[in-house]
Amino acid sequence: LCVTYTEEATNSMRRRLVQVIGPAAHKVNIHTFHAFCNNVIQNNSELFSFRALQPITDLERTEMLYKLLEDLPSGNPLRKLSGNIYFDVGKLSRLFDLMKREYLSPDYISDSIDVYIKSLPEREEYIYKRAGKGYQKGDLKQDKIDDEVRKMEGTRAAALLFPQYEKMTKEAGRYDFNDMILWVLEAFKQNAALLQSYQERYQFILVDEFQDTNGAQNELISLLTSYWDDPNIFVVGDDDQAIYGWRGAKIENIYHFKDHYPTHQTIKLEQNYRSSGVILKPANHIIAN
């Protein structure tokens, strides 16, 4: 099994494999993460009652988020009594996407917020470094702490709306592409026979652009390899490309892989065949910082 991110990348991998092993390359399972999960769903339709669902449109998603905000009870941190009551729709949408991608539950987010709030008085940015009018060195910046707590309570309230949003999309017969990975994860965890069938089927796994994998994708790979004490897994990742954090890349993926599979070998590709020294010298100078 080879998994990557775009259909273009899967086609490129297959073309290269054809050059190496010939027509047999067409028998190798090369998929995007979403295409792999879609295949699992389609090939085990009796375990997934989602065949009648349709992809959600941007308009439908926005309407559901509007409805969530309209129905907020009095006292909810996200409820606005005046102005634009839909102000937080964009934040809600991004949070729900993040929760699906990183496989985060509302309880996990709420617990993490509790730990974070408890740590605020110990963080340097919330402690005065020198004395001033009305405060001494070492005093807490209580106004700043209170503002941060208010923001965190808003995030908690938003995360707790996630199950309601999930219920709304399911009742409307809609799903987004992140849902497919979550459905397969839940099915693998609840059905040991299903998971074992795929563990036996895919005894060699390659993951491309590993620094870009998210929490749900990493959990999927972890489940597929969990049967073996020393699994045959090969990941290709570039720690330098982890600078694309805004796009979801994380250096932690590479570090955690070494922790999760301690016996695996690291092969460094330090010869660059794509760029000249004129490009590499300033690029390395930037990356070093």
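Refer to the structure printed above.
Quick notes on the rules
Residues numbered from 1 in each chain as written. Predicted model: local features only at pLDDT ≥ 70, side-chain atom pairs only at ≥ 80, totals over all residues. Heavy atoms only, no water. Helix = DSSP H or I, 4+ residues; strand = E, 2+ residues; numbered from the N terminus. Expected span 1.5 Å × (residues − 1). Buried < 20%, exposed > 50% of the residue type's maximum accessible area, 1.4 Å probe, protein only. Contact = heavy atoms within 4.5 Å. Polar contact = N/O pair within 3.5 Å; in protein donor to acceptor, adjacent residues only side chain to side chain. Core = buried A, V, L, I, M, F, W, Y, C linked by side-chain atoms within 4.5 Å.

Side chains three or four residues apart in an α-helix point the same way, a direct result of the helix having 3.6 residues per turn. Taking 1.5 Å of rise per residue, 14 residues should cover 20 Å, and helix α5 (residues 106–119) covers 20 Å from first to last C-alpha, within 8% of that figure. Considered for burial, the residues of α5 that qualify are P106, I109, S110, I113, Y116, I117 and S119. Looking at the buried side of α5, the elements it contacts are α4 (89–102), α6 (142–159) and α7 (162–171).

The next point concerns the environment of N214. For N214, the location among the structural elements is in the loop between β5 (204–207) and α10 (215–225). Measuring from C-alpha to C-alpha, the distance between N214 and I181 comes to 11 Å, with 33 residues separating the pair along the chain. Once you skip the residues sitting within four places of it in the chain, N214 turns out to touch Y5, R101, E102 and K250. At a separation of 3.1 Å, a polar atom in the side chain of N214 contacts the main-chain amide nitrogen of A216.

Turning next to the nonpolar core. Membership of the largest hydrophobic core comes to 34 residues, with the highest contact counts inside it found for F36, V184, F188, Y198, L220 and I221. Elements supplying a minimum of two residues to this core: α2 (33–43), α8 (177–190), α9 (192–201), β5, α10 and α11 (251–260). If you tally residues by element for this core, the top one is α8, at eight residues. Counting 27 residues, the second-largest nonpolar core is a separate cluster that includes L68, L78, Y116 and L161.

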